[in-house]
Amino acid sequence: MPAATNRADLRHVTEKEYAKLAKLLATLDDSQVYFAHDGTTIKNVIGHRAHWTELFFGWYADGQAGKQVYFPAKGYTWGDLKRYNADLTARQSDLTWDAVNAMLQSSYDKLVAFIDAHSDTDLYGAPMKGANNKWTTGRWAEAAGASHYRSAAKYVRAAIKASAASLTD
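Counting from 1, residues in each chain are numbered in the order their sequence is written. Per-residue local features of the predicted model are confined to residues with pLDDT of at least 70, and side-chain atom pairs are confined, for both listing and counting, to 80 or more; whole-chain, interface and lining totals are unaffected and use all residues. For side-chain calculations, the full set of non-hydrogen atoms in the structure is used, while hydrogens and water are omitted.

### Comments concerning unusual backbone geometry
The peptide bond linking F71 to P72 adopts the cis configuration, its omega dihedral lying at 0 degrees. The phi torsion at N132 lies on the positive side, around 60 degrees, for a residue other than glycine. Only DSSP runs of H or I covering at least 4 residues are called helices, and only runs of E covering at least 2 are called strands; the numbering of each starts at the N terminus. Topologically, N132 is positioned in the loop between helix 6 (120–124) and helix 7 (137–144).

Given below as structure tokens:
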């Protein structure tokens, strides 16, 4: 799927992918949410996605303020993603499914408001400040939102299938 190149398309793909994920999540029961598929649970994946959307806001704010932007976070590099994600899972281990869903909804609402508050030029006129690459702010927003929602839905569908298969084994 090609990346959005304007605010209207970014908002549309963000809403569309979030709606698909939210619809899928609404069908789950506790046994599915906490079922470990490929070493993680749906709860972990959704908490992860909500957190990464929040990371985007930090990256954007730091870049706008002229501060150093740490990707993915201070003390980690892109090469440390497995460690970062494991640390994140540990930090979120006490969260309930309801709390994780609230985080996801909150980060989505914040992302839509962010998109609405910025023009096409703000989102796609230049690379995001502090990112040290050619990606625009809109492209980073899509990666933190719609792309994460899409990959989470793919994971959830696989976990549901694996959960159902485990019941027949």
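Moving on from the model shown.
### A few points about the packing of helix 3 (residues 42–64) against helix 5 (residues 97–117)
Simply put, an axis is a line fit to the C-alpha atoms, just over the touching stretch for a helix, and the angle between two N-to-C directions goes from 0 to 180 degrees. Put simply, helix 3 and helix 5 touch, their axes get as near as 9 Å, and they point 35 degrees apart. Judged by the twist between their axes, the crossing of helix 3 over helix 5 is left-handed. Residues I42, K43, I46, G47, R49, A50, T53, E54, F56, F57 and Y60 of helix 3 lie in contact with helix 5, whose contacting residues are W97, V100, M103, L104, S107, K110, L111 and F114. Of the residues belonging to the contact of helix 3 with helix 5, the class tally is twelve nonpolar, three polar and four charged. For any helix crossing, the convention is left-handed if the near helix is rotated counterclockwise from the far helix by under a right angle, and right-handed if that rotation is clockwise. Here, two residues are considered to be in contact whenever any of their heavy atoms come within 4.5 Å of each other. Ten residue types, Ala, Val, Leu, Ile, Met, Phe, Trp, Tyr, Cys and Pro, are classed as nonpolar, four, Asp, Glu, Lys and Arg, as charged, and the remainder, Gly among them, as polar.

### Remarks on the nonpolar core
In terms of nonpolar packing, the biggest core is built from 47 residues, with L21, L25, I42, I46, F56 and W59 touching the most fellow members. Contributions of two or more residues to this core are made by helix 1 (7–25), helix 3, helix 4 (81–91), helix 5, helix 6, helix 7 and helix 8 (146–168). With ten residues, the top contributor of residues to this core is helix 3. Apart from residues no more than four positions distant in its own chain, I42 is found in contact with L25, L28, Q32, V33, F35, W97, Y155, V156 and A159. By nonpolar core is meant a set of buried Ala, Val, Leu, Ile, Met, Phe, Trp, Tyr and Cys residues that side-chain atoms within 4.5 Å join together. Only protein chains enter the accessibility calculation, which uses a 1.4 Å probe; a residue whose area is less than 20% of its type maximum is buried, one above 50% is exposed, and one in between is partly exposed.

### Observations concerning the side chain of Q92
Structurally, the position occupied by Q92 is in the loop between helix 4 and helix 5. Filtering out sequence-adjacent residues up to four positions away, Q92 remains in contact with K43, N44, G47, H48, H51 and M103.

### What about the environment of D62?
By secondary structure assignment, the location of D62 is in helix 3. For the pair formed by D62 and A131, sequence separation is 69 residues and the distance between their alpha carbons is 9.8 Å. Among all residues touching D62, those that are not within four sequence positions of it are K67, Q68 and V69.

### Considering the pattern of salt bridges
Note on definitions: salt bridges are taken to be side-chain nitrogens of Lys or Arg within 4 Å of carboxyl oxygens of Asp or Glu. One pass over the structure, following the stated rule, counts six salt bridges. Across the salt bridge formed by R11 and D116, the nearest N and O atoms sit 2.5 Å from each other. With R11 in helix 1 and D116 in helix 5, this residue pair connects regions lying 105 residues apart in the sequence. You can call R11 partly exposed: its relative accessible area is 26%. A salt bridge links E54 to K110; the shortest N-O distance between them is 3.1 Å. In this pair, E54 sits in helix 3 while K110 sits in helix 5, placing the two residues 56 residues apart along the sequence. With a relative accessible area of 31%, E54 lands in the partly exposed category. According to the relative accessible area criterion, K110 is partly exposed, its value standing at 39%.

Purely geometric stuff here, so don't read any function into it on its own.
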